[in-house]
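Coordinate inspection notes
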Amino acid sequence: MNLSELNYFLTDNKQPNFRLKQIINAVYKENYINFNDIQVLPIDLRDKLSENFDIIPFTIDKILKSKDTLSYKALLITADNKYIETVLIAAKNNTWSACVSSQIGCKLGCKFCATGNSGFTRDLSAEEILGQVLFWKNYLSSNKLGKLTNIVYMGMGEPFLNWNNVSISLKKLIDPGLFDFSSRSISVSTSGITDGIIKLANEFDQVNLAISLHSANDETRSKLMPINHKHNLNDLKQALDYYTSKTNRKVFLEYIMLHKLTDTTEDADNLINFINSFEKKHLLHVNLISYNTTASKYKASTKDEIEKFQTYLQKNKINTTTRKSLGNEINGACGQLSGNKPKDKTD
Ligand code: SAH
Ligand code: SF4
């Protein structure tokens, strides 16, 4: 929903000044996604608005729920008939995180990632990014499931290769007159686009940063993530040094545990050395992630291998957590968002 166009429209239609505020309140605070449901508006205006504007720029194709009801995935169809996937993940005490996509597909082709293997279609507009948030806010409130408190840019796409739209969406998310999220409840994940890391530090220094590191060895990382040829570990370190000195904020290093590829003692030593090379190493936090199966040839590390790796890191005074994988069975876990048309759907 473009607010300035909406404002022109209301003025053209001789609506009183308070209308825009009413609509903003209905959408951002009361979670309406259809003008026809906003009862404070006159009926003829609701009809006109519905004809001319969309609150969310998608039609809803499917909503999948995991058996444990702790994660949901929605397939949304854009105006140009493309599929976007967006995920909702339970946090604590009836609060939820929305995992939003920033692009349809991804150009970067990381070998372990379903999005990377499905190619790139296009960037999402800020409206399409925010539409995913409005969609989940509405879903939670109409099903009385709780409150959306966190936003993570960890769906399809590389946010820093769509900075223009991602930065507009971040501004609106933290705008007290609109979504009103605190910066600290938002996280952006990147494969390591260094100029994006600098921009985030300069423009949104309280938004959380996650780095998809996955290996601290250039050779292995380049094999897994071709972007490492362009921005290698040393470039990444420099950008992160800038980020940590500018913001003094924790950085999350996402690390997928792949059997014999990223989980050996040598891999752990590389990771420890990488982290110890930082002046502000106490700000670096490793998040060990179980590999979610995709079409790739990789094998996930076993539980024991993950535990051993974590214990070794901890002995070397590295902050680590393991991330529980949610949403696997609905292919809504990280790296499983392909944006492909569901198989039972025909044109
Ligand atoms: N392009 C950005 C944002 C996507 S976030 C980035 O790569 O950071 C998606 C997260 O899921 C990233 O940390 C990514 O590395 C991770 N991921 C991708 N494929 C995965 C898989 N098969 N199993 C577990 N995590 C995966
Ligand atoms: Fe793109 Fe991130 Fe997947 Fe890599 S991990 S292909 S950067 S979405």
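Because the structure is predicted, anything quoted here is derived from the model rather than measured. (Residues numbered from 1 in each chain as written. Chains lettered and ligands numbered in written order. Predicted model: local features only at pLDDT ≥ 70, side-chain atom pairs only at ≥ 80, totals over all residues. Heavy atoms only, no water.)

A short note on the nonpolar core
In summary, soluble globular proteins display a tendency toward joint burial of nonpolar side chains. By size, the foremost hydrophobic cluster in this structure holds 97 residues, and its most contacted members are Leu 49, Ile 151, Tyr 153 and Leu 200. With eight residues, the single largest contributor to this core is helix α5 (residues 126–142). Inspection of this core shows a minimum of three residues originating in each of domain 1 (1–55) and domain 2 (56–330). Setting aside residues up to four positions removed in sequence, Leu 49 forms contacts with Leu 6, Phe 9, Leu 10, Ile 23, Phe 35 and Leu 41. (Core = buried A, V, L, I, M, F, W, Y, C linked by side-chain atoms within 4.5 Å. Buried < 20%, exposed > 50% of the residue type's maximum accessible area, 1.4 Å probe, protein only. Helix = DSSP H or I, 4+ residues; strand = E, 2+ residues; numbered from the N terminus. Domains from an automatic or database assignment. Contact = heavy atoms within 4.5 Å.)

Some remarks on the domain arrangement of the chain
Assigned domains within the chain: domain 1 (1–55) and domain 2 (56–330). Distance from the C-alpha centre of domain 1 to the C-alpha centre of domain 2: 34 Å. Contact with domain 1, which involves 12 residues of that partner, is made by 12 residues of domain 2. Surface buried jointly by domain 1 and domain 2 totals about 1,100 Å² across both partners, of which 56% is contributed by carbon and sulfur atoms. When the buried surface of domain 1 facing domain 2 is broken down by residue, Tyr 28, Asn 31 and Ile 33 rank first, second and third, together holding 54% of it. Taken together, the connections running from domain 1 to domain 2 amount to zero salt bridges. Looking at the side of domain 1 that touches domain 2 residue by residue, the class counts come to eight nonpolar, two polar and two charged. (Buried area = accessible area lost by both parts, 1.4 Å probe. Salt bridge = Lys/Arg side-chain N within 4 Å of Asp/Glu carboxyl O. Nonpolar A, V, L, I, M, F, W, Y, C, P; charged D, E, K, R; others polar.)

Thoughts on the sheet that holds strand β2 (residues 71–78)
Reading across from one edge, β1-β2-β3-β4-β7-β8-β9-β10-β11-β12 is the order of the 10 strands in this open sheet, with mixed pairing throughout. Either end of the sheet is taken by a strand with one partner, and the two such strands are β1 (58–65) and β12 (319–323). Along the sheet, successive strands turn relative to each other by an average axial angle of 25°, direction set aside. (Pairing = 2+ DSSP bridges. Axes fitted to C-alpha atoms, helices over the stretch in contact; angles between N-to-C directions.)

Overview of the site of ligand 1
Around ligand 1, 21 residues are found, and the nearest of them are Gly 157, Ser 189, Ser 212, His 214 and Asn 292. One of the backbone nitrogen or oxygen atoms of Phe 112 is found 2.9 Å away from a nitrogen atom of ligand 1. The backbone of Gly 157 places a nitrogen or oxygen atom 2.9 Å from a nitrogen atom of ligand 1. The protein chains hide 95% of the 530 Å² of surface that ligand 1 would expose on its own. Going through the elements one at a time, β8 (186–190) and β11 (284–290) are the ones with two or more residues in the shell around ligand 1. (Near = heavy atom within 4 Å. Polar contact = N/O pair within 3.5 Å; in protein donor to acceptor, adjacent residues only side chain to side chain. Areas by Shrake-Rupley, 256 points an atom, 1.4 Å probe, with all protein chains shown as cover.)

Topic: the site of ligand 2
All residues in the neighbourhood of ligand 2 are listed as Cys 106, Leu 108, Gly 109, Cys 110, Cys 113, Gly 116, Gly 157 and Ser 191. Taken together, the residues of the shell around ligand 2 break down into four nonpolar, four polar and no charged.

Description of the environment of Ser 97
Its location among the elements puts Ser 97 in strand β4 (residues 95–99). Judged by its relative accessible area of 14%, Ser 97 falls in the buried class. Contact partners of Ser 97, with chain neighbours within four places excluded, come to Val 87, Leu 88, Ile 89, Leu 148 and Asn 150.

Some remarks on α5
Over its 17 residues, α5 runs 24 Å from end to end, which matches the ideal 24 Å to within 8%, given 1.5 Å per residue. Taking burial as the measure, the 17 residues of α5 include 14 buried ones, the bulk of the element. Looking one or two residues beyond α5, the residue adopting positive phi is Lys 144, at roughly 50°. (Expected span 1.5 Å × (residues − 1).)

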